[in-house]
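Report on the structure
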Amino acid sequence: TKEHSSEYCTNLVRTAKYSIISFIPVNLFNQFQRIANIYFLFIAILQFIPGLSPTHWSTTVAPLVGVLTVNAVKEGYDDYFRHKSDKEVNNRKVNVLRGTAFVQMLWKELQVGDIIRVHHSEQAPADFAILSSGHEESIAYVETSNLDGETALKLKGAVFKESSTSQEHEI
């Protein structure tokens, strides 16, 4: 490990909202951010007071519980696929320079300052600076994507120009 590794965050990707332990409390908290759910909860509480409501409490509690349950199931289903996607991304392999040789590591194990080798059409696990390129003009085309799904192809220049005899590095 590197001396500075604890100074920086990890390369672990986590897009999921919930864990198994936090699902119920966080989900309920999020659902009661909606004013309609707060209103029906308030009405349900009032219906539990004897003589205050002409209808039975179940006429409000049952629909409220139904709506909360359906929303919780939907959120749980979506979050399951977020966890699955996170696991897939974090367990992809990358070639990292260790000593004088490149070794395969998982994306989640990548640390600030690591030197990686990316070949043509491979995905890169993090933001990086291009040190060298196999292209004759020492450039690389990098496809970037935003969180909203928009992608763009950008032209990046390498820091070092590669000699014409070495064809080992590709980006």
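Residues numbered from 1 in each chain as written. Predicted model: local features only at pLDDT ≥ 70, side-chain atom pairs only at ≥ 80, totals over all residues. Heavy atoms only, no water.

On a plain count of helices and strands, the chain comes out with three helices and five strands. Secondary structure of the chain in N-to-C order comes out as α-α-α-β-β-β-β-β. Here the chain, with 171 residues, has 22% of them falling under the buried criterion. Surface exposure of the chain reaches about 12,600 Å², of which carbon and sulfur atoms provide 60%. (Helix = DSSP H or I, 4+ residues; strand = E, 2+ residues; numbered from the N terminus. Buried < 20%, exposed > 50% of the residue type's maximum accessible area, 1.4 Å probe, protein only. Areas by Shrake-Rupley, 256 points an atom, 1.4 Å probe, with all protein chains shown as cover.)

Take the packing of helix α2 (residues 35-47) against helix α3 (residues 58-90) next. Running from amino to carboxyl end, α2 crosses α3 at an angle of 145 degrees, the nearest separation of the two axes being 9 Å. Between α2 and α3 the crossing geometry is left-handed. Between α2 and α3, the contacting residues are N37, F40, L41, I43, A44 and Q47 on the first element and T59, T60, V61, L64, V67 and L68 on the second. (Axes fitted to C-alpha atoms, helices over the stretch in contact; angles between N-to-C directions. Left-handed = near helix turned anticlockwise from the far one by under 90°. Contact = heavy atoms within 4.5 Å.)

Strand order in the open sheet formed by three strands is β2-β1-β3, and the pairing between neighbours is antiparallel. Two strands lie at the open edges of the sheet, namely β2 (101-106) and β3 (116-117), each paired on one side alone. Pairing analysis gives six bridges linking strand β1 (residues 93-98) to β2, with the strands arranged antiparallel. Counterpart to L97 in the pairing with β2 is F102. (Pairing = 2+ DSSP bridges.)

Further remarks concern α2. Look at α2: 18 Å from first C-alpha to last across 13 residues, which is about the 18 Å you get at 1.5 Å a residue. Those residues of α2 not exposed but buried are N37, A44 and Q47. Along the axis of α2, the buried positions cluster into a sector of 85 degrees, meaning they face one direction only. The elements touched by buried residues of α2 are α1 (23-31) and α3. (Expected span 1.5 Å × (residues − 1). Arc of directions from axis to C-beta.)

A word on the environment of I43. As for its position among the elements, I43 is in helix α2. For the pair I43 and S53, spaced ten residues apart in sequence, the C-alpha separation works out to 9.4 Å.

Okay, the pattern of salt bridges next. As enumerated under the stated definition, the model contains six salt bridges in all. Between D78 and K74 there is a salt bridge, with its nearest N and O atoms 3.3 Å apart. Highlighted residues: D78 and K74, both in helix α3, separated by four residues, approximately one helical turn. A residue is classified by how much of its surface remains accessible, and D78, at 28% relative accessible area, is partly exposed. For D79, the salt bridge is made with R82, and the minimal N-O distance between the two is 2.7 Å. Note that D79 and R82 are positioned in helix α3 at a spacing of three residues, about one turn of the helix. With relative accessibility at 22%, the residue R82 sits in the partly exposed group. Connected through salt bridges with shared partners, the residues K17, K74, E75 and D78 form a single ionic network. (Salt bridge = Lys/Arg side-chain N within 4 Å of Asp/Glu carboxyl O.)

Scope: geometric values only; no functional claims are made or implied.
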